[in-house]
Amino acid sequence: MRIGQGWSLAIAKRIADRLLARAENRDGGLQWTASETIRGTYPPRSELKPVEWGMYRGNAGIALFLTETARLSGRDDLLEAARRALVHAHSLHREEVGDGFRQGLHAGSAGLIHATGIWLGIENDSSFQGFVDETLAALDRTELESLPHDLIAGAAGTIIGLLSTLPHLDHPLMEAASIRLGDYLVKAARVEHTGISWEGGGVRAANLCGLAHGAAGIAWPLLELFQLTGRESFRLAAEEALEYEQTWYDPEVKNWADLRNGELARMRSQGRLAELPGMLDRGEELPAYRLRYMSAWCHGAPGIGMVRARAFEVTRGEEHRRLAAAALSEYLAVDDSEGLGSHSVCHGSIGNLLCVHATAQMLGLAVKVADIAARAKEIALRAEHRETGWIPGGFDRGVYDPSMMLGETGVGLALLGFEHRVASAVFPDCGLSTRSASVHDADSVLERIAAEAFPRTRAAIGDTRWSAVVAKAGLTGGRAISARVGEAIDLELDRDRPGELDAYRREGCVRELQRAGFDRSVPLLLQQLPVQVHGSARYVRSPWVRVERAERPFLACFDGDDRAELRPLGEGAASLIECLETPDSLDGLAAQFADGAEVDRDSIVRWVAAQLRELLVAGFVLAVEVRAAVGDPLDPRIRRGVWKAGNRTAVAHPRTVQVEQKNES
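Residues numbered from 1 in each chain as written. Predicted model: local features only at pLDDT ≥ 70, side-chain atom pairs only at ≥ 80, totals over all residues. Heavy atoms only, no water.

Student: Looking at this structure, I do not really get the packing of aromatic side chains. What am I missing?
Tutor: The relative placement of two aromatic rings is captured by the distance of their centres and the angle of their planes. Enumeration according to the criterion identifies four aromatic pairs in this entry. For the pair Trp 220 and Phe 427, a centre-to-centre distance of 4.3 Å together with 15° between the ring planes defines the contact as stacked. Taken together, the residues Trp 220 in helix 8 (residues 215-229) and Phe 427 in the loop between helix 16 (408-417) and helix 17 (443-453) connect sequence positions 207 residues apart. Accessibility expressed as a relative area gives 0% for Trp 220, which makes it buried. Given a relative accessible area of 15%, Phe 427 falls into the buried group. Where Tyr 249 meets Trp 256, the ring centres are 4.6 Å apart and the plane angle is 50°; that geometry is what we call tilted. Here the two residues Tyr 249 and Trp 256 agree in accessibility, since each one is buried. Above the ring of Tyr 400, the side-chain terminus of Arg 22 is found at 3.8 Å from the ring centroid. Note that Arg 316 overlies the ring of Phe 312, its terminal NZ or CZ placed 4.2 Å from the centroid. (Phe/Tyr/Trp six-rings, centres within 6.5 Å; stacked < 30°, edge-to-face > 60°. Helix = DSSP H or I, 4+ residues; strand = E, 2+ residues; numbered from the N terminus. Buried < 20%, exposed > 50% of the residue type's maximum accessible area, 1.4 Å probe, protein only. Lys NZ or Arg CZ within 6 Å of the ring centre and 35° of its normal.)

Student: What is the right way to look at helix 16 in this model?
Tutor: Each α-helix winds once per 3.6 residues, and so residues spaced three or four apart point in a common direction. With respect to burial, helix 16 is a largely interior element, nine of its 10 residues being buried. Residues of helix 16 that are buried: Glu 408, Thr 409, Gly 410, Val 411, Gly 412, Leu 413, Ala 414, Leu 415 and Leu 416.

Student: I keep staring at the nonpolar core and nothing clicks. Help me out?
Tutor: Inside soluble globular proteins, nonpolar side chains tend to come together where they are buried. Leu 66 and Trp 297 are the most contacted members of the largest nonpolar core, which has 167 residues in total. The element best represented in this core is helix 8, accounting for 10 residues. (Core = buried A, V, L, I, M, F, W, Y, C linked by side-chain atoms within 4.5 Å.)

Student: I tried to follow the pattern of salt bridges on my own but got confused; where do I start?
Tutor: Opposite charge on two side chains makes pairing possible when the charged atoms of those side chains draw close. Under the criterion given, the structure shown has 28 salt bridges. A salt bridge links Asp 429 to Arg 421; its shortest N-O distance comes to 2.5 Å. Given the relative accessible area of 44%, Asp 429 is considered partly exposed. (Salt bridge = Lys/Arg side-chain N within 4 Å of Asp/Glu carboxyl O.)

Student: Quick question: what am I supposed to make of the pairing of strand 8 (residues 255-258) here?
Tutor: In the case of a regular strand, side chains alternate between the two sheet surfaces. Direction of pairing for strand 7 (residues 249-250) relative to strand 8: antiparallel, over a ladder of two bridges. Each bridged residue has a counterpart across the sheet, and for Asp 250 the counterpart in strand 8 is Asn 255. Linking strand 7 back to strand 8 in an antiparallel pair, the connection comprises four residues, with Lys 254 at a positive phi of about 60°. With two bridges joining them, strand 8 and strand 9 (residues 292-293) adopt antiparallel strand pairing. (Pairing = 2+ DSSP bridges.)

Student: Mind showing me how you'd approach helix 12 (residues 301-315) here?
Tutor: For helix 12, built from 15 residues, the straight-helix expectation of 21 Å at 1.5 Å per residue is met to within 8% by its first-to-last C-alpha distance of 20 Å. Most of helix 12 sits out of view: 13 of its 15 residues are buried. Following helix 12 by one or two positions, Arg 316 has its phi on the positive side, about 65°. (Expected span 1.5 Å × (residues − 1).)

Student: Is there a simple way to think about the confidence of the model for the protein in this case?
Tutor: Any region with low pLDDT has predicted coordinates that should not be read closely. When pLDDT is averaged across the protein, the result is 76; 68% of the residues are at 70 or more. Within the model, the stretch residues 592-599 combines pLDDT values under 50 with 22 contacts to residues more than four positions away or in other chains. Per-residue pLDDT stays below 50 along residues 610-665; that stretch engages in 114 contacts with residues further than four places along the chain or on separate chains. (pLDDT = per-residue confidence, 0-100. Contact = heavy atoms within 4.5 Å.)

Student: What am I meant to see in the side chain of His 171 here?
Tutor: Relative to the helices and strands, His 171 resides in the loop between helix 6 (155-165) and helix 7 (172-188). Leaving out residues up to four positions away in the same chain, His 171 has contacts with Gln 129, Val 132, Asp 133, Leu 136 and Leu 166.

Student: I'm lost on the layout of surface pockets in this one. Help?
Tutor: Over the atoms, a rolling probe the size of a water molecule traces out where space has been left empty. Roughly 980 Å³ of volume is contained in the second largest pocket. Contributing to the lining of the second largest pocket are 42 residues, with Arg 421, Val 422, Phe 427, Pro 428 and Asp 429 lying nearest its centre. Listed by contribution, the elements that provide at least two residues to the lining of the second largest pocket are helix 2 (59-73), helix 4 (109-120), helix 8, helix 12, helix 14 (349-362) and helix 16. With six residues, helix 14 is the largest single contributor of residues to the lining of the second largest pocket. Tallied by class, residues from the lining of the second largest pocket come to 22 nonpolar, 12 polar and eight charged. (1 Å grid on protein atoms, 1.4 Å probe; cavity = no way out; pocket = protein on both sides within 12 Å on 5 of 7 lines; lining within 4 Å. Points joined across faces, edges and corners; volume = space filled by probe spheres on them. Nonpolar A, V, L, I, M, F, W, Y, C, P; charged D, E, K, R; others polar.)

Okay, structure coming up:
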């Protein structure tokens, strides 16, 4: 082994010595103890428990750090400790997973394969090779149905774990399994108003952004598969994932929204979900999602910017470079000298610096690379010599944590990365610097996204003209598929056929609603519907108000004389109308929330329905053709009045009916 040197290796060796001093013998292997939060406790409590087998908080991550420190230092005792850590990890994996395979890089079997493969790149061990063979065989037998999708514990993480192991341990099943999982991810994607996303991530307002559980973490392995195979379907799916994520980017904050519902997630971790049905029955508001931003490897700009930099390397897209550079600059303006509450690589200062260091390297910014490394050194030297030492990323900050993503082995491996080329749990190098010849197989992805984004329009214009629309959209590039298809539809529509125009406009309303994120969370939906009362007037937001020669949604204000004034406004309550028109969508809306929060489905349906009735009483405006008023499909008991002013027409509920309806409901 080649011997390394420098400040980072000196710190890594001290961390390794502490590990050896705290190790416990276990059936020929080594194990460690760490603090772990007890699920269902409120206020939260923690307890000391043996670490598990995985990369995130287990022996696989510890072994990876020990292997790389041994390689750089030439210390055989550390390499032997790494071997024994893997022996125990393999044993725990067999006990827990049996002859199966658990998806994911940090919480899955691929992370343990990766740590084992890095060790086998230095030493031979037939039992380790046997573990890799049997675990990959289990993956080969796995049915690709309803698998989790994300990087931490899903198919995306498995792909990265396998591809980053290939340069160290060639195995015939690794490449084939990665491609099969990539095809699964493309097929499992949800078509959004813009781009595609994936389900997962617990209680959320919309499908997540970010590296750990969101779009960036799935776009990344698809980009690597494009490098490996040259298949355009992987590149297109990755680009569409990043297009979706970009809809949640705030240019003022220079960050992407963290879409997790933190309060509901805390209630679940504290074992308090049983309180929610009672809250619904009493008419109380559920914990609402509030827009927030996190800046870490797992969620936010450091991790997302790193994926954008990789996208720039792979596609040479200038927008990727611009966003990666913005994320880099924004983070470097932050004072992270005190660890941002933690030094961990998952959501602490060292992990963030490693992200922006990798970003600067991929963008070719040599000066920034050196500056970031110097900043990491300053923080590391100051932190290590404080009385409290490193600040771990777990709940119990005062307890020693040896783990990779939350504790000091992760810090140690990250610090080595500022001076040396080492394996990484944060952004493993898949070794794919050149790409195979392009394989033009993107038509299926294009056609699927187009069809799911505009189903009504497709039915209205017919198969022949729809094929022409998709063909036109395929000839343009650089933007989300939905935008390209929308422009092609606009050119193809026959304005003399009201059915075509109505279908396209209706889908435009729904897409604007989706863009606002209202269709993803019952509390988000209901608590942000502004039915505002000002004196005798009621204001209701609705993108279903249509005004001739105007495409913007409008606000309808009803006064006591049954007159309405239209004012330009943003997206709003169209999903409620959609729910009343099609009961299945109300049921589906409840199911989306119930699946995440384990709340009684019928209680949610009753609660939503009650809210809908109140909003109808307040006076909704339904989208209609401006040339004619149509009957009200929502409630035949409500009479309609038509108000005209100049070239504008709106359908309004007479205010005198509102009191009657309120009494009836």
